[in-house]
Structures are given as C-alpha cells and as structure tokens.
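Remarks on the overall topology
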Amino acid sequence: MVNNPYENKVMPMTSVGNGNVRLLANDVHCYTNQVVNLCFVGSKEHWVLVDAGMPRSADEIEKEAEKLFGKNSKPEAIILTHGHFDHVGSAAELLRRWDVPVYAHPLEIPYITNETSYLEPDPTVAGGLVAKLSKYFPNEPIDLSGYVHELPVDGTVPHMPDWKWYHTPGHTPGHVSLFRESDSTLIAGDAFTTVKQDEMFEVIKQEKEINGPPRYFTPDWEAAENSVKKLASLNPLHAVTGHGIPMLGDELQQELDKLTRNFQEIAVPEHGKYVREEKD
C-alpha cells in the first residue's frame, strides 16, 4: 500500500503556477508543476514519467498526460531522479491510479520505501526567502513499497530506449540524471539548476541563471561538484533541470563550463551546517 506523508500538509512554498508543457527534444516534454519540473518522455504508444511533482498535483499531471497521449493513457513506468518531496509529491496518488513500476537508484530506495529520512534542510545557508522557509520542508520518507525497483546496473533506463542513467550524488545519495546520446538530451534532476532556487523573487521571475543544486537541501558539496563535472563532460545540447527554464545549445554549454570552473563561488554557500570548514 502506497502512502504519502505530505498529502495533508500545507507546503510552505509559494506556487509559481503550472506552466505550459515545453517540447525540449524529440519525445521529451517538460512540464512545470508549481516550482518543479517533471518530464513526459515517449509517444502515445510508449511513454514514461520522470519525477512526480509536488503534493496534491496528481490531477494536473494526469490532465497534462492525457493532452499529450490521450484519455486514460498511463505511463509504462515512473523514473525518479531522487525522492525529495517536490519530486515525489504526487507519486503515491498516481500509483493508485496507474499501478506502474517505479525505478530509482538503490541508494535512494530507503527514502521512498519509508525506511530513512533525509538529513534536515539547512535554512542557515546564504540565500533568500525560500532558503529560510526550507526549515518547514518535509524530509521524511514516502512509502512506495511494492512498486519500487532498482535501476539496472548496466546504466540502461527501463522503458526508455537509448537513454542511460548516471549516478549524480551530492544533492541526495542516490540522485541520478538521464542522458540520451543520440541528440545529447539531459534530464538533470537537481544535480544543477537554471534558477537561483533559494531566492523567492528569482523563483517567481524564472530568469535563466545556472546554479548548483538547491543549497538548503544539499548535504554533500564535494559529491555535488563532481556530479556537475560528470554531466558537463557529456556535452549536452538540451537540458531540463528540476528547477528553472530548460537551456539549449551554446548557452547551455557555456553556462555549464562556467559552473564547473567556478563551482565553489557559484554553487557552494559561504556558510551552513553541511559546508566544509575551510569554506566558513
């Protein structure tokens, strides 16, 4: 039986709204669900959902899926980049409707099978209102037991031909990003973002600005930096991140290069309980 501990909670985060579905690349549609992006990948015959959005958003997600793929359409699977509340918030309700498998990295599975809570968010990091509100963000695990499967060790992604998953920890232990080499398309999750996610004005404005993972919910900055370098080495030409507007082409590659060269200055907060002492 799936269980969502967030269903009856009020999320202390202002909604930006539900944005239009964007076609990022062939068969890859990005949908902004309040403040987080999720992806519909595939065609009417075969498609998957990557991440499951904010709590109490199942109706909106299902409506967008029906617009793309037809009434009563359901995915072959849900792939999770990680298990934070804004990426799995509607997973339990969607699974009650769809009854499909969920795939995640083995290190992430304890957080989505009601075994382990994430480390607490850190509202002390340098940042704006979202960072300060993060002390109210839920970090307890969701329970998707009975549906969850480990991603294959060979790097393939179930029901997503031509895609590979890459372990990109730092933001969470089992965070993954998905990449399709044929057209250099990247679904980055929260390995990096294209908006300054800790500041409410920037979140609402949604001005493109490449950044590391959300500061208030990232406990391992060394791993996070290595993950960004790994993704930059793939030379993506299309990228959708968990937060912010997708980036393409030269802009994406130039911004990723800037982030890898200046990760400590751009991404890592000056202080915080998960920041290395030498950064204090």
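Preceding this paragraph is the structure being described.
Here goes a summary of the coordinates provided. What you see is a predicted model; the values in this text were computed from it and never measured. (Residues numbered from 1 in each chain as written. Predicted model: local features only at pLDDT ≥ 70, side-chain atom pairs only at ≥ 80, totals over all residues. Heavy atoms only, no water.)

**Looking at the overall build of the protein**
- The helix and strand inventory of the protein stands at nine helices and 12 strands.
- Of all 280 residues assigned to the protein, the portion counted as buried reaches 59%.
- Considering only contacts in the protein between residues 6 or more positions apart, those separated by 24 or more positions represent 65%.
- Total accessible area on the protein is roughly 11,600 Å²; 48% of this is exposed by carbon and sulfur atoms. (Helix = DSSP H or I, 4+ residues; strand = E, 2+ residues; numbered from the N terminus. Buried < 20%, exposed > 50% of the residue type's maximum accessible area, 1.4 Å probe, protein only. Contact = heavy atoms within 4.5 Å. Areas by Shrake-Rupley, 256 points an atom, 1.4 Å probe, with all protein chains shown as cover.)

**Description of the nonpolar core**
- By size, the foremost hydrophobic cluster in this structure holds 28 residues, and its most contacted members are F40, L49 and L144.
- The element that contributes the greatest number of residues to this core is helix α3 (residues 91–98), accounting for five residues.
- If near-sequence neighbours (up to four positions away) are discounted, L144 is found in contact with V2, L80, A91, A92, L95, I112 and T113.
- Of all hydrophobic cores here, the second largest spans 21 residues; its members include A188, A191, A232 and L252. (Core = buried A, V, L, I, M, F, W, Y, C linked by side-chain atoms within 4.5 Å.)

**Comments concerning the packing of aromatic side chains**
- Per the counting criterion, the structure on display carries 10 aromatic pairs.
- Consider the rings of W47 and W98, whose centres lie 5.9 Å apart with planes at 85°: the pair is edge-to-face. One end of the pair, W47, is in strand β4 (residues 47–50); the other, W98, is in helix α3, with 51 residues separating them in the sequence.
- Residue class for W47 comes out buried when judged on its relative accessible area of 1%.
- Judged by relative accessible area, W98 falls into the buried class, the value being 3%.
- Centre to centre, the rings of Y111 and Y118 are 4.2 Å apart; their planes meet at 5°, and the pair counts as stacked. (Phe/Tyr/Trp six-rings, centres within 6.5 Å; stacked < 30°, edge-to-face > 60°.)

**Description of the sheet that holds strand β5 (residues 78–79)**
- Read from one edge to the other, the open sheet built from seven strands follows the order β1-β2-β3-β4-β5-β6-β7, with strand pairing classed as mixed. The open sheet has two edge strands, β1 (22–25) and β7 (148–150), and neither has a second partner.
- Where β4 lies against β5, two bridges are found, and the strand directions are parallel. In the strand pairing of β5, V50 is matched with I79.
- Packed onto the sheet, helix α1 (residues 58–69) meets β2 (28–33), β3 (36–42) and β4 and runs at close to 30° relative to β3. (Pairing = 2+ DSSP bridges. Axes fitted to C-alpha atoms, helices over the stretch in contact; angles between N-to-C directions.)

**What to know about the environment of V2**
- The residue V2 is located in the segment before β1 in this model.
- With relative accessibility at 4%, the residue V2 sits in the buried group.
- Distance from V2 to I112, taken between C-alpha atoms, is 9.9 Å for residues 110 residues apart in sequence.
- Contact partners of V2, with chain neighbours within four places excluded, come to A92, L95, R96, D143, L144 and Y147.

**Some remarks on the environment of R22**
- By secondary structure assignment, the location of R22 is in strand β1.
- Here the alpha-carbon distance between R22 and I245, two residues 223 residues apart in the chain, equals 9.7 Å.
- Setting aside residues no more than four positions away along its own chain, R22 makes contact with V28, H29, C30, T32, I245 and P246.

**Things to note about the packing of helix α7 (residues 221–232) against helix α8 (residues 249–261)**
- Look at α7 against α8: their axes get within 10 Å of each other, and the N-to-C directions meet at 150°. Crossing geometry of α7 relative to α8 is assigned as left-handed. Residue-level contacts link V228, K229 and A232 of α7 to L256, L259 and T260 of α8. (Left-handed = near helix turned anticlockwise from the far one by under 90°.)

**A closer look at unusual backbone geometry**
- A positive phi angle is found at N114, which is not glycine, with a value near 65°.
- By the secondary structure assignment, N114 is in the loop between α4 (109–112) and α5 (129–133).
- By relative accessible area, which is 45% here, N114 ends up partly exposed.
- Positive phi values are uncommon outside glycine, yet S184 reaches one of about 55°.
- Its place among the elements puts S184 in the loop between β9 (176–180) and β10 (185–189).

**What about the sheet that holds β10?**
- Across the sheet, which stays open at both edges, the five strands sit in the order β8-β9-β10-β11-β12 with mixed pairing between neighbours. Each edge of the open sheet is held by one strand with a lone partner, namely β8 (163–167) and β12 (247–248).

**Some points on the pattern of salt bridges**
- All told, the structure shown has 10 salt bridges when counted by the stated rule.
- Among the ionic pairs, E93 bridges to R96, the shortest N-O distance being 2.9 Å. Placement of both E93 and R96 in helix α3 is noted, with a separation of three residues, approximately one turn of the helix.
- Here E93 falls in the partly exposed class, since its relative accessible area comes to 26%. (Salt bridge = Lys/Arg side-chain N within 4 Å of Asp/Glu carboxyl O.)

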